[in-house]
Amino acid sequence: MAAATTLKETLGDLNRDSFVPLLSKLIGESKYVQNNPPELIPEEDRVVNHVLDVLRPFSTTTGGGPLVLNHVTYFPGRGNLIVQYPGTVPGKIISFVGCHMDVVTADPNDWDFDPFSLGIEGDKLKGRGTTDCLGHVALVTELMRKLGETKPNLKSTVVAVFIANEENSSITGVGVDALVKDALLDNLKQGPLFWVDTADKQPCIGTGGMIPWKLHVTGKLFHSGLAHKAINSLELAMEAVKEIQLRFYKDFPPHPQEQVYGFATPSTMKPTQWSYPGGGVNQIPGECTISGDVRLTPFYNVKDVMNKLQEYVDDINENIQKLETRGPVSKYVLHDENLRGSLTLSFNEAKSGVACDVNSKGFHVLCKATEEVIGHVKPYSITGSLPLIRELQDDGFDVQICGYGIMATYHAQNEYCLFTDMSQGYRVFASIISQLED
């Protein structure tokens, strides 16, 4: 215990005088690391270069310290950075992963301040990426800098992995997926892996899967004064989605484990967008498209749900005349014209949720550190999605999830974080390292 106390004293507190200037440089790059292809392709190396400027003086690269730096790039200008502080016991390891160097888009016209430069109001640090996730990049950089500077004698190797391409999955082979494929993270399976990309300072023990879906509905366009000659695609879409939802909630009801993990909601399937080709108000549209998503707790299988949704649509198509109609002339089959309304279901890339191992050593040290620093511990789960984590867990990593931004500003306008929250995160990480030395 005395050694642990000494280590925490050595690591001290997060240094505002170095953290804030670093964060200011990172937020200054946020305009260039927005991830929304094909229009916006992030240049994560702009962030990597600032991190390297901080860590290089304490690295084997310059001979100034023990940090081992590995800048791994699969696409020009879009690097990842693996930083290692070597311990003395082979196979004993702790890692902080998930700090990503890309951000979601921001329109300056919608913000009360410039999203692409750091605003400072006392404890509040404002700008795109302060919460998600450049604030965490700066936080973990400062932790690794302190280790390299003070050179504590640790049994555990401490590894930080700063990743590219987290915010969009339409382009692959750039970030952590490529690092895993190339076995560059395999050694991290020997100890807990802390994915640092959530908010509100409590352990996140569960996330949701996401299945983006699109339902294209075909009817028959006709004059609204002759409704009996039309197949109203809007009515068909509304009834079809209602039927699909009814079947979904019967087949995938609230799961008992959701209460154990503290999920705020069960799995949901709902429409979120509606489009049609346009036309006059006196035209019954012949086609429309409804899009939405399924948010799935990790106790159900994504592929099973996708297969079921397709089954529902196939059955509705086969029995479309049985679908509920709206009014005396509403219909989805025109027998005299041999026409039937139809549904076509398609999916975009789906993601699986994760339920963290609440019996692992990683979870227990995170909870103890949180209680020690924050004053209480209350793990939570959300059906928001974090990419890549389930794949890591399935590949044998003990993934635990934490973060020190502000959930209410995640992907939002006027994003900010608090220095005191980030400072507490630093102390949580110091406590985790200390506990795992015992």
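- The name an unreviewed UniProt entry gives the chain is Acetylornithine deacetylase, with Lupinus albus as the organism.
- In its Catalytic activity (unreviewed entry) section, the UniProt record describing the chain reads: "N(2)-acetyl-L-ornithine + H2O = L-ornithine + acetate".

**Focus: the pairing of strand E2 (residues 79-85)**
1) Next: Burial analysis of E2 places six of its seven residues in the buried class, the great majority of the element.
2) Next: Bridge count between strand E1 (residues 68-73) and E2: six bridges; the pairing is antiparallel. Residue pairing across strands places Asn70 opposite Ile82, the latter belonging to E2.
3) Next: As consecutive antiparallel partners, E1 and E2 are separated by five residues, and within that stretch Gly77 has a phi angle of approximately 80 degrees, a positive value.
4) Next: Two elements, E2 and strand E6 (residues 157-163), share five bridges in a ladder whose sense is antiparallel.

**Describing the domain arrangement of the chain**
1) Next: Segmenting the chain into domains produces domain 1 (7-207 + 354-437) and domain 2 (209-347).
2) Next: Just the C-alpha atoms count here: the centres of domain 1 and domain 2 sit 40 Å apart.
3) Next: Listed as interface residues are 14 residues of domain 1 and, on the opposing side, twelve residues of domain 2.
4) Next: Roughly 910 Å² of surface becomes buried between domain 1 and domain 2 when both sides are summed, with 53% attributable to carbon and sulfur atoms.

**Some thoughts on the sheet that holds strand E4 (residues 119-121)**
1) Next: The three strands are arranged E4-E5-E20 in an open sheet whose pairing can be described as antiparallel. The strands lining the two open edges of the sheet, one partner per strand, are E4 and strand E20 (416-418). On average, adjacent strands in this sheet sit at an angle of 20 degrees to one another, irrespective of strand direction.
2) Next: With three bridges joining them, strand E5 (residues 124-126) and E20 adopt antiparallel strand pairing. Following the sheet pairing, Lys124 is matched in E20 by Leu418.
3) Next: Where helix H2 (residues 16-27) meets the sheet, its contacts fall on E4 and E5, and the angle it forms with E5 comes to roughly 20 degrees.
4) Next: Of the strands in this sheet, E5 and E20 are in contact with helix H11 (residues 419-435), which crosses E20 at around 60 degrees.

Analysis parameters
Residues numbered from 1 in each chain as written. Predicted model: local features only at pLDDT ≥ 70, side-chain atom pairs only at ≥ 80, totals over all residues. Heavy atoms only, no water. UniProt positions renumbered as here; feature names shortened; annotations may be inferred. Buried < 20%, exposed > 50% of the residue type's maximum accessible area, 1.4 Å probe, protein only. Helix = DSSP H or I, 4+ residues; strand = E, 2+ residues; numbered from the N terminus. Pairing = 2+ DSSP bridges. Domains from an automatic or database assignment. Contact = heavy atoms within 4.5 Å. Buried area = accessible area lost by both parts, 1.4 Å probe. Axes fitted to C-alpha atoms, helices over the stretch in contact; angles between N-to-C directions.

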